Amino acid sequence: MSEDHHIVPVWFFIGVILLIYGVIILATGVYGLSHPPSTVLSNLQPALWWGALLIGIGAIYVHLFRPRKPRP
Amino acid sequence: MNPHSLCATDPLAVLFAAETGVERLITLHAPDLAIIVIYFAMVLGIGFYLKRYTRKGEDFFLAGREMTAWVAGLSFVSANLGALELMGWAAATYQYGILATHWYWIGAIPAMLFLGIVMMPFYYISKTHSVPGFLKLRYGESARGLAAVMFTFMTLCMAGIDMYAMALVMKVVLGWNIHFSIWVSSLTVAVYVALGGLFSAIFNEVLQFFLIWLGALLIPVLGLIETGGWDGLVARIHQNFPQGDYTHLWRAMGSFTDNPMGIHWTGIVLGLGWVISFGYWTTDFLVIQRVIAAKDIRAAKLAPIIGSYFKMAVPFIVILPGLLGLAVLPFKLVPESAVGPGQHSYNEVLPLMLARYCGPGLLGLGITALIAGFMSGMAGNVSAFATVWTYDLYRSFFKKAAADSHYVKMGRWCIIVGVLISIGTAYLVMQFKSIMDYVQALFSFFVAPLFGTVLLGMLWKRITPAAGFWGLLAGTVSSITMWGLVRADHSWLAVIALSSNAKDMAENMYRALWSWTICVVVTLVVSAFTRPKPVEELTGLVYGCTELPSEGHLPLWKRPIFWAAISAAIFLILQWIFW
């Protein structure tokens, strides 16, 4: 997208925010191991694996769509 | 605005009734607040970043016409995926069961595919900047003026209503001050859209699409684990509610009295699936603008087709939480009017499910999904308003030959003013809630006839400019008249909606069908007595007068029709599975 304008692709921004969110949620998941939230199925540690999933998707997007210098 | 709002299950009505006497459902923690703050920072940052790329009118109003099919397609769906979708339709599902899915499947998919395959080439080849702009090219200034005035008025009113409903959600769910929610959310939208125009709106809509999905997806995933899959879910619903059929789409549609919506299958198929759905998805500029911004005609055709796959999947994050509420909540939700101390209403089903499964962090992500849903809808409204006002009203009737930069400046001001007017509408609705019903009804008056006008104009060169205008006017006026007749004398309901048992939703469906029919008949009759445009003036606008680019050189899997066929097949299979 936006070849004419050389705009950073929207996928990069998505990757960045998912990466940040993934780290925050994973951290709460780790904290939840010792202080489990009073939610149903909290024994499955959803924050841990959902945080890891967000980090995974975010990292892939950031890597694939990171800003590069336009080819001459 | 979307076709979902045209029904009287009316998530809005349910939400509006929730204003008083409800304690907050959810308490946020530091990670949740951090997630919300980061979201606001990100959308504003994108607006500031994109400002430098939106100096020309085509950049600001049409995103440079550079969007890929994926970006345009996701933005197309996201602009429609408001917070009310998530909250309201989960609530409607708790009340009516899986019937609510009709608004996502038959009420969307056929129309989206029709848009991509049949109508999009004409919107794109004509190089129009808007739907009223297309009417100008096809029929002339009078039809354009009528459509533009109606659209701008309705768009701002709907934006205000959505804004108020969202603030109400924040108050009910989180206990936030209603004024704080209105001003912070809407001014954020105003800033990022005014800075980056449609570029910024589309970028953020795609971002919001991801957040909505990733924020809401955990509920159905964990819910299905808890119930032991779909079969377990159905078994629990039957156990909790043995009288009703909450899990079949069509079985109870044989009569008005067999289903809780009070609607017959003809109303769903012809009213919702044909007129209202096609009217919204193929002529509402709020969504069409996203597709017009595509980089080429193939991308423009593919965008709504890609969108159709995601639209088909939305029930997973909207309908399923409502069904899960029926299955797993240890208490029964009640209508808003019957809520007593310690009870919860239908419209709280999604926040209740969110609180059931999501702890700190995940909760913030879920709330961000709701906020993102609101903002994407709001940005869609104001960016479409700015384009129609600037190009179809201001440039056409007030200042015809100004510099391009002047129109961009006007567009930026339009965003600010549009948001402020919407805020005013929100406060007006807060004082006089019946306005909401009138505005929603007004929008429904206009959608069905507009579809008749655009469709006939695209498909038949014999339709004349005078017929376009008079057909649109006749359809709209007849729709308003039918609505007024039923309010004045309820016995008219049996005439218009074919049954005195018809509920408001069924009435909307049949009224739309009649008004579309009247529009088409008047258009055909007036065309028979007036002079059509010369064929050479219809090139690029009408089927048979336009050479459509061939896709014969493309491999099958790159052709839009191939993906449309697969989407249609999945749609049919889903009807069969959940029949």
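Residues numbered from 1 in each chain as written. Chains lettered and ligands numbered in written order. Predicted model: local features only at pLDDT ≥ 70, side-chain atom pairs only at ≥ 80, totals over all residues.

Chemist: Mind showing me how you'd approach the overall build of chain B here?
Modeler: A count of helical and extended segments in chain B gives 23 helices and zero strands. Rg of the C-alpha trace for chain B: 23 Å, near the compact-globule value of 25 Å for 579 residues, within the 12% margin. For chain B, the spread of C-alpha atoms along the principal axes amounts to about 70 × 55 × 55 Å. Relative to its 579 residues, chain B shows a buried fraction of 61%. (Helix = DSSP H or I, 4+ residues; strand = E, 2+ residues; numbered from the N terminus. Rg over C-alpha atoms; globule rule 2.2 N^0.38 Å. Buried ≥ 20, exposed ≤ 12 C-beta atoms within 10 Å, placed from the backbone.)

Chemist: Would you mind showing me how to read helix α16 (residues 349-357) of chain B here?
Modeler: Think of an α-helix as 3.6 residues a turn; residues three or four steps apart then line up on the same face. A large share of α16 of chain B lies buried, amounting to seven of its nine residues. Among the residues of α16 of chain B, those classed as buried are Val-349, Leu-350, Pro-351, Leu-352, Met-353, Leu-354 and Tyr-357 of chain B.

Chemist: I would appreciate a short explanation of the packing of helix α9 (residues 178-216) of chain B against helix α18 (residues 404-431) of chain B in the present structure.
Modeler: When two helices pack together, you describe them by how their axes are tilted relative to each other and by the distance separating the axes. Residue and element names in this part refer to chain B. Interaxial distance between α9 and α18 falls to 8 Å at its minimum, and their mutual angle equals 165 degrees. By the angle class used here, α9 and α18 are roughly antiparallel. Both α9 and α18 take part in a crossing whose hand is right-handed. Here Ile-182, Ser-186, Val-189, Ala-190, Val-193, Ala-194 and Gly-197 of α9 lie close against α18, whose contacting residues are Gly-411, Arg-412, Ile-415, Ile-416, Val-419, Ser-422, Ile-423 and Ala-426. Taken together, the residues that form the contact of α9 with α18 break down as 10 nonpolar, four polar and one charged. (Axes fitted to C-alpha atoms, helices over the stretch in contact; angles between N-to-C directions. Parallel < 35°, antiparallel > 145°, perpendicular 65-115°, else oblique. Left-handed = near helix turned anticlockwise from the far one by under 90°. Contact = placed C-beta atoms within 7 Å. Nonpolar A, V, L, I, M, F, W, Y, C, P; charged D, E, K, R; others polar.)

Chemist: Sorry if this is basic, but what is going on with the interface of chain A and chain B here?
Modeler: How large an interface is tends to be reported as the accessible area lost when its parts come together. Contact residues are listed per partner, giving 25 residues for chain A and 29 residues for chain B. Elements with a minimum of two residues in the side of chain A that touches chain B: α1 (10-34) and α2 (46-65) of chain A. Broken down by class, the residue content of the side of chain A that touches chain B amounts to 18 nonpolar, six polar and one charged.

Chemist: Would you mind going over helix α17 (residues 362-398) of chain B with me for this structure?
Modeler: Residue and element names in this part refer to chain B. Here α17 contains 37 residues, and its C-alpha end-to-end distance of 51 Å stays within 8% of the 54 Å for a straight helix at 1.5 Å per residue. Along α17, the largest kink reaches about 30 degrees and is centred on Trp-389. Among the 37 residues that make up α17, 32 are buried, leaving the element largely enclosed by the rest of the structure. (Expected span 1.5 Å × (residues − 1). Bend = angle between axes of the 7 residues up to and from the residue.)

Chemist: Teacher, can you tell me more about the confidence of the model for chain B here?
Modeler: Where the model shows low pLDDT, its predicted coordinates should not be examined in detail. Residues and elements named next belong to chain B. Per-residue confidence for chain B gives a mean pLDDT of 84; residues scoring 70 or more make up 91%. Looking over chain B, one finds the lowest element-wise mean pLDDT in helix α1 (residues 11-16), namely 42, and the highest in helix α23 (residues 560-577), namely 95. Within the model, pLDDT remains below 50 along residues 1-22, and this stretch shows 66 contacts once partners closer than five positions in the same chain are excluded. Here the predicted complex carries an ipTM of 0.92, next to a pTM of 0.85. (pLDDT = per-residue confidence, 0-100.)

Chemist: Can you walk me through the nonpolar core in this structure?
Modeler: A general feature of soluble globular proteins is that nonpolar side chains tend to end up buried together. Residue and element names in this part refer to chain B. Judged by nonpolar contacts, the single largest core of 221 residues is most densely connected at Ala-72, Ile-202, Ala-303, Leu-323 and Val-382. The element that contributes the greatest number of residues to this core is helix α8 (residues 141-174), accounting for 22 residues. Apart from the residues within four sequence positions on either side, Ile-202 is in contact with Ala-63, Met-67, Val-71, Ser-75, Arg-290 and Ala-293. (Core = buried A, V, L, I, M, F, W, Y, C linked by C-beta atoms within 7 Å.)

Chemist: Looking at this structure, I do not really get the environment of Leu-207 of chain B. What am I missing?
Modeler: Here Leu-207 of chain B is to be found in helix α9. For the pair Leu-207 of chain B and Val-43 of chain B, spaced 164 residues apart in sequence, the C-alpha to C-alpha distance is 8.6 Å. Excluding its chain neighbours within four sequence positions, the residues that come into contact with Leu-207 of chain B are Val-10, Phe-13, Ile-14 and Ile-17 of chain A.

Chemist: Could you clarify how one ought to interpret unusual backbone geometry in this entry?
Modeler: For residues that are not glycine, phi is negative in most cases, and the peptide bond is trans in most cases. All names here are of chain A. Phi angles above zero are rare outside glycine, and Leu-41 is one such case at about 65 degrees. You can see Leu-41 is positioned in the loop between α1 and α2. Leu-41 sits in the partly exposed class, given 15 other C-beta atoms within 10 Å.

Chemist: Honestly, the environment of Gln-575 of chain B in this entry has me stumped. Any pointers?
Modeler: Checked against the element boundaries, Gln-575 of chain B lands in helix α23. Taking the C-alpha atoms as reference points, Gln-575 of chain B and Ile-106 of chain B, 469 residues apart in sequence, are found 8.9 Å from one another.

Chemist: What am I meant to see in the packing of helix α2 (residues 30-51) of chain B against α17 of chain B here?
Modeler: Residues and elements named next belong to chain B. Axis separation between α2 and α17 bottoms out at 8 Å; the angle between their running directions is 30 degrees. In terms of axis orientation, α2 runs roughly parallel to α17. You can see that α2 and α17 cross each other, and the crossing is right-handed. Contact with α2, carried on its side by Pro-31, Asp-32, Leu-33, Ile-35, Ile-36, Tyr-39 and Val-43, involves Leu-363, Gly-364, Leu-365, Ile-367, Thr-368, Ile-371, Ala-372 and Met-375 of α17 and no other residues of that element.

Chemist: Can you help me understand the environment of Leu-363 of chain B in this one?
Modeler: All names here are of chain B. In this fold, Leu-363 is placed in helix α17. The exposure class assigned to Leu-363 is buried, which follows from the 27 C-beta atoms found within 10 Å. Spatially, the C-alpha atom of Leu-363 lies 55 Å from that of Lys-461, the residues being 98 residues apart in sequence. Ignoring sequence-local partners within four residues, the contact set of Leu-363 consists of Ile-26, Leu-28, Asp-32, Leu-354 and Cys-358.

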